[in-house]
Amino acid sequence: MQQHSVSEQRPSENEMPHSLRLEERERLQVGGVIDVDSFDEETVKVSTTRGMLTVCGAGLHIEQLQLDTGDLRLAGRVDTLVYTSRETRRGKLGKLFR
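This report concerns the structure included in the present document.

Rules used throughout
Residues numbered from 1 in each chain as written. Predicted model: local features only at pLDDT ≥ 70, side-chain atom pairs only at ≥ 80, totals over all residues. Heavy atoms only, no water. Core = buried A, V, L, I, M, F, W, Y, C linked by side-chain atoms within 4.5 Å. Buried < 20%, exposed > 50% of the residue type's maximum accessible area, 1.4 Å probe, protein only. Helix = DSSP H or I, 4+ residues; strand = E, 2+ residues; numbered from the N terminus. Polar contact = N/O pair within 3.5 Å; in protein donor to acceptor, adjacent residues only side chain to side chain. Salt bridge = Lys/Arg side-chain N within 4 Å of Asp/Glu carboxyl O.

Another point: the nonpolar core. Formed by Leu28, Val30, Val33, Val44, Val46, Leu53, Val55, Leu60, Leu72, Leu74 and Val78, the largest nonpolar core amounts to 11 residues. Where this core is concerned, the elements lending two or more residues are β2 (27-31), β4 (43-48), β5 (51-66) and β6 (71-84).

In structure tokens form, the structure reads like this:
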């Protein structure tokens, strides 16, 4: 008797294209999402294939998150979108030991 295992096939960072679609500053779709680092109603920090994306606004909430495909949907008022490189994610201790 053969056993079949189902494993989660997650695309690598290089395979996931990054995209943004903002509608009326109220709905944001992001592609190429690796992980959600933190979120609350005013700030959502997301690791993407193109760096860290910080979304600031009001009443923000995650409508859908599918890490296996790299897709994220946010709703709420979007005020700013800011990208930073992954190197800036280091904390104060990381900066001390460069």
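Let us now look at the side chain of Thr48. Of note, Thr48 is situated in strand β4. A relative accessible area of 0% places Thr48 in the buried class. Here Arg50 takes part through its backbone nitrogen, which lies 3.1 Å from a polar atom of the side chain of Thr48.

On to the pattern of salt bridges, then. According to the stated counting rule, one finds five salt bridges in the structure shown. Taking the shortest distance from any N to any O, the salt bridge between Arg77 and Asp79 comes out at 2.9 Å. Look at Arg77 and you get partly exposed, because its relative accessible area is 46%. According to the relative accessible area criterion, Asp79 is partly exposed, its value standing at 37%. Here the salt bridges do not stand alone but share partners, grouping Arg25, Arg77 and Asp79 into one network.

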